[in-house]
Amino acid sequence: MGRLTGGRGGTRRMFPVGMGDVNPAVGLNSAEKGLDEWRVHLEDAMREYAATGALGDSADWRTAVESGDEDSDFEIVGPTDDMAGEGQSADRKEMVPKGGVTYEALTKQGYTIVGSHSGVKICRWTKSALRGRGSCYKFSFYGIKSHLCMETTPSLSCSNKCVFCWRHGTNPVGTTWRWKVDPPEEIFKGVVEGHFRKIKMMKGVPGVRADRFSEAFKIRHCALSLVGEPIFYPYINEFLHLLHSSKISSFLVCNAQHPAQLAALGHVTQLYVSIDASNKDSLKKIDRPLHRDFWERFQQCLDILREKRNRHRTVFRLTLVKGFNIEDEVQGYADLVEKGLPCFVEVKGVTYCGTSTAGEAGLTMKNVPFYEEVVSFVEALNAELGKRGLGYGIAAEHAHSCCVLIASNRFFVNEKWHTLIDYAKFFELLEGGKEFGPEDYIGEATPEWANWGNGGFDPADQRVYRKGKGPKEEVEESGGCG
């Protein structure tokens, strides 16, 4: 069938070969279920080829496509005449067509699909904050109240298939944008409406506080980290402008695989880059990138981040996975920090999502580090950065979500850490039209309860341990790449 599709020298399959085995502990049903799952998606790919004559970019929804199977010499880095509106090429298909396999899988997981390639989902921390049970680490570190935050993405597609991804392998994958492009105005309107619909569903839920429920209809922050790669969207700067015009801050997370888009990115409130490994072999193992030149792209992004450090609040996001990217990698991570000189380094233990996709990638609960292990890693990394005289220190923590913040001394003012953001000042500077940098919108001092050594849980909220478990036994839930 690979040869029959033609057009690419017969080297690319219409759909990946399915591999299955019988799990003795489960029985024959385990193999039958896998075969049926594979068959459904093969049929979908065959129908698409019959209708369009083109091989799908997101046919393999469960496992990362080998980098060599993707064309990576063409990449859209900005708007072109046929990307949106009336002039859009008629042969461009939708990334996530309504009623398709991907659409059904994502909506079943609680996502609201907006247009043909965007999505929004209410974060579990938003639900927690609405009930007075605590906000996410972003409140402790940066002053973001979770019930005022919208988590969304203008691109559900990603160029990685990370082993710790919460999306169960259901989101599309691709190295180039080959789909129809929705205008940013429609996406913005759709994600806001979708977010509000999710909030309305919380009305009447036991424990939801009336004051916070009312406040939640005034979006103040946007985490562009839901799923996929937001920087992949060709009109990302226009979408960011719509957010900022509505006085909504932007926290954008990218995966360090799109240097051209990163270089062209305009102002964001805070710019994250996922640093999931310190060397090429580990990065390939944990992120399972589709680009053949993934390591070179990664390095280019770090160079760009270094150049942007006086214009953006930049963050390295490290997700620690035992057996993948912790052991003997402190020196390597320190090298990357020295190369990119980010404003902040967030270190978080991976959260196990418990899916079959994670299991296939070799991820189990044994790969989830205890908070004490995360702390040990952070202390070792901080010590190494100190030896190199790079000017960093451990600023804050949110033990509730197994996350610790290392900050540049640029944010240590008058003997106190100032990691919070002055959002009003950010918008004022943005509207002023002149260049500005991270120091220009530093907020108040990091609250004492959030400082390193104090746990990071807001004393105004009430911490609830699931199933009657205490702090030592608690296993946190999470969500989002950011």
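Worth saying up front: this structure is predicted, and the values here are computed from it rather than measured. Starting afresh in each chain, residues are numbered from 1 along the sequence in its written order. Residue-level local features of this predicted model are given only where pLDDT is at least 70; pairs of side-chain atoms are given and counted only at 80 or more, and the full residue set underlies all totals for whole chains, interfaces and linings. Each side-chain value is derived from all of the structure's non-hydrogen atoms; neither hydrogens nor water enter the calculation.

Enquirer: What is the right way to look at the overall build of the protein in this model?
Expert: Labels follow the DSSP assignment, with helices taken as runs of H or I lasting at least four residues and strands as runs of E lasting at least two, numbered in each case from the N terminus. Of the regular secondary structure elements, the protein holds 15 helices and 12 strands. The proportion of buried residues among the 482 residues of the protein is 56%. Only heavy atoms matter for contacts: two residues are in contact if any of them lie within 4.5 Å across the pair. A sequence separation of at least 24 residues applies to 75% of the contacts in the protein between residues at least 6 apart. In these tables, accessible area is a Shrake-Rupley quantity obtained with a 1.4 Å probe, and a residue counts as shielded only by the protein chains included in the view. Accessible surface, the protein as shown: approximately 20,900 Å² in total, 52% of it carbon and sulfur. For each residue, the accessible area found with a 1.4 Å probe, counting protein chains only, is set against the maximum for its type, and the residue is called buried under 20%, exposed over 50%, and partly exposed in between.

Enquirer: Honestly, the pattern of salt bridges in this entry has me stumped. Any pointers?
Expert: Charged atoms that come close allow side chains of opposite charge to pair. Definition used for salt bridges: Asp or Glu carboxyl oxygen within 4 Å of a side-chain nitrogen of Lys or Arg. Tallied over the entire structure, the rule returns 15 salt bridges. In this structure, the salt-bridge partner of Glu431 is Lys247, at a minimum N-O distance of 2.7 Å. A residue pair is termed long-range when its members are at least 10 positions apart, and Glu431 in helix 15 (residues 423–432) and Lys247 in the loop between helix 8 (236–245) and strand 5 (249–254) qualify at 184 residues. Residue classification places Lys247 among the partly exposed residues on the basis of a relative accessible area of 33%. Its salt-bridge partner being Glu346, residue Arg317 comes within 3.6 Å of it at the nearest N-O pair. Residue Arg317 is found in strand 7 (residues 314–320), and its partner Glu346 is found in strand 8 (residues 344–349); the two are separated by 29 residues along the sequence. Assigned by exposure class, Arg317 and Glu346 land together as buried. Members of the salt-bridge network, linked through shared partners, are Asp335, Glu338, Glu384 and Arg388.

Enquirer: What is the right way to look at the packing of aromatic side chains in this model?
Expert: Given two aromatic rings, their pairing is described by the distance between the two centres and the angle made by the two planes. Under the pairing criterion, centres of Phe, Tyr and Trp rings, with the six-membered ring standing for Trp, must be within 6.5 Å; the plane angle then separates stacked pairs below 30 degrees from edge-to-face pairs above 60, leaving the rest tilted. The full count for this structure, using the stated rule, is 22 aromatic pairs. An angle of 50° between the planes, with centres 6.0 Å apart, marks the rings of Tyr142 and Phe251 as tilted. With Tyr142 in helix 5 (residues 137–142) and Phe251 in strand 5, the pair connects residues that are 109 residues apart, well separated along the chain. Each member of the pair, Tyr142 as well as Phe251, is classed as buried. Geometrically, the ring pair formed by Trp295 and Phe298 is stacked, given 5.1 Å between the ring centres and 20° between the ring planes. Of this pair, Trp295 and Phe298 both sit in helix 11 (residues 294–308), three residues apart, which is roughly one turn of the helix. A relative accessible area of 1% places Phe298 in the buried class. Through a chain of ring-to-ring contacts, three or more aromatic side chains come together here, namely Tyr137, Phe141, Tyr142, Phe251, Tyr272, Phe344 and Phe411. Looking at Lys121, its charged tip hangs above the ring of Tyr111, at a distance of 4.6 Å from the centre. When the NZ atom of lysine or the CZ atom of arginine is within 6 Å of a ring's centre and also within 35 degrees of its normal, the charge is said to sit over that ring.

Enquirer: So what exactly am I meant to see when it comes to the side chain of Glu397 here?
Expert: Within the secondary structure layout, Glu397 lies in strand 9 (residues 392–398). Given a relative accessible area of 5%, Glu397 falls into the buried group. We call two N or O atoms a polar contact when they sit within 3.5 Å, provided that within protein one can donate a hydrogen and the other can accept it, with sequence-adjacent residues counted only if both atoms are side-chain atoms. Of the polar contacts made by the side chain of Glu397, one reaches the backbone nitrogen of Gly453; its length is 2.8 Å. One polar contact links the side chain of Glu397 to the main-chain amide nitrogen of Gly455, over a distance of 2.8 Å. Dropping the residues within four chain positions of it, Glu397 is found in contact with Ser140, Phe141, Tyr371, Cys403, Val404, Ala450, Asn451, Trp452, Gly453, Asn454, Gly455 and Gly456.

Enquirer: Teacher, can you tell me more about unusual backbone geometry here?
Expert: Across the chain, the bulk of peptide bonds are trans and the bulk of non-glycine residues have phi less than zero. Its identity is not glycine, yet Leu341 carries a phi of approximately 45°, on the positive side. Tracing the chain through its elements places Leu341 in the loop between helix 12 (330–340) and strand 8. Look at Leu341 and you get buried, because its relative accessible area is 18%. You will see that Glu415, though not glycine, has its phi angle at about 65°, which is positive.

Enquirer: Teacher, can you tell me more about the packing of helix 11 against helix 12 here?
Expert: Axis angle and axis distance: for two packed helices, these are the angle between their axes and the distance between the axes, and together they describe the pair. For the pair helix 11 and helix 12, interaxial distance at closest approach is 7 Å and the crossing angle is 45°. In this view, helix 11 runs oblique relative to helix 12, as classed from their interaxial angle. Between helix 11 and helix 12, the residues in contact are Phe298, Gln299, Leu302, Asp303, Leu305 and Arg306 and Leu336, Glu338, Lys339 and Gly340, respectively. When residues are sorted by character, Ala, Val, Leu, Ile, Met, Phe, Trp, Tyr, Cys and Pro go into the nonpolar class, Asp, Glu, Lys and Arg into the charged class, and all the rest, Gly among them, into the polar class. Taken together, the residues that form the contact of helix 11 with helix 12 break down as four nonpolar, two polar and four charged. Axis definition: a line fitted to C-alpha atoms, over the contacting stretch in the case of helices. Angles run 0 to 180 degrees between N-to-C directions. Angles are sorted into four bins: roughly parallel if under 35 degrees, roughly antiparallel if over 145, roughly perpendicular if 65 to 115, and oblique for all others.

Enquirer: Whenever I open this one, the environment of Gly453 confuses me. Can you help?
Expert: Looking at where Gly453 falls in the secondary structure, it is placed in the segment after helix 15. Judged by relative accessible area, which is 58%, Gly453 ranks as exposed. Along the primary structure Gly453 and Ile394 are separated by 59 residues, whereas in three dimensions their C-alpha atoms are 9.5 Å apart.

Enquirer: Is there a simple way to think about the sheet that holds strand 6 (residues 270–274) in this case?
Expert: Hydrogen bonds between backbone groups are what pair the strands of a sheet, and the pairing can be parallel or antiparallel. Paired strands are those between which DSSP finds at least two bridges. Within the open sheet, the 10 strands sit side by side as 1-2-3-4-5-6-7-8-10-9. Their pairing is mixed. Sheet topology places strand 1 (112–114) and strand 9 at the edges, where each strand pairs with a single neighbour. Put simply, the sheet's adjacent strands are angled 25° from each other on average, direction ignored. Direction of pairing for strand 8 relative to strand 10 (residues 403–408): antiparallel, over a ladder of five bridges.

Enquirer: Any chance you could explain the side chain of Lys198 here in plain terms?
Expert: Looking at the element boundaries, Lys198 is found in helix 6 (residues 184–200). Just so you know, the count uses Lys and Arg for positive and Asp and Glu for negative, and it drops His and the chain ends. Of the side chains with opposite charge, Glu151 comes closest to the buried, unpaired Lys198, at an N-O distance of 11 Å. Contacts of Lys198, omitting those with residues within four sequence positions, involve Gly110, Tyr111, Thr112 and Ile122.

Enquirer: Would you explain the nonpolar core in this entry?
Expert: Where a protein is soluble and globular, its nonpolar side chains tend to be buried together. Buried Ala, Val, Leu, Ile, Met, Phe, Trp, Tyr and Cys residues that are joined via side-chain atoms within 4.5 Å together make up what is termed a nonpolar core. By size, the foremost hydrophobic cluster in this structure holds 82 residues, and its most contacted members are Leu243, Ile275, Phe316, Leu318, Phe377 and Leu381. Apart from residues no more than four positions distant in its own chain, Leu318 is found in contact with Ile275, Tyr333, Val345, Glu346, Val347, Lys348, Phe377 and Leu381. Counting residues in each nonpolar core, the second largest holds 29 residues, with Ile144, Phe251, Cys403 and Tyr441 among its members.

It is worth stressing that arrangement in space is one thing and function is another; only the former is reported here.
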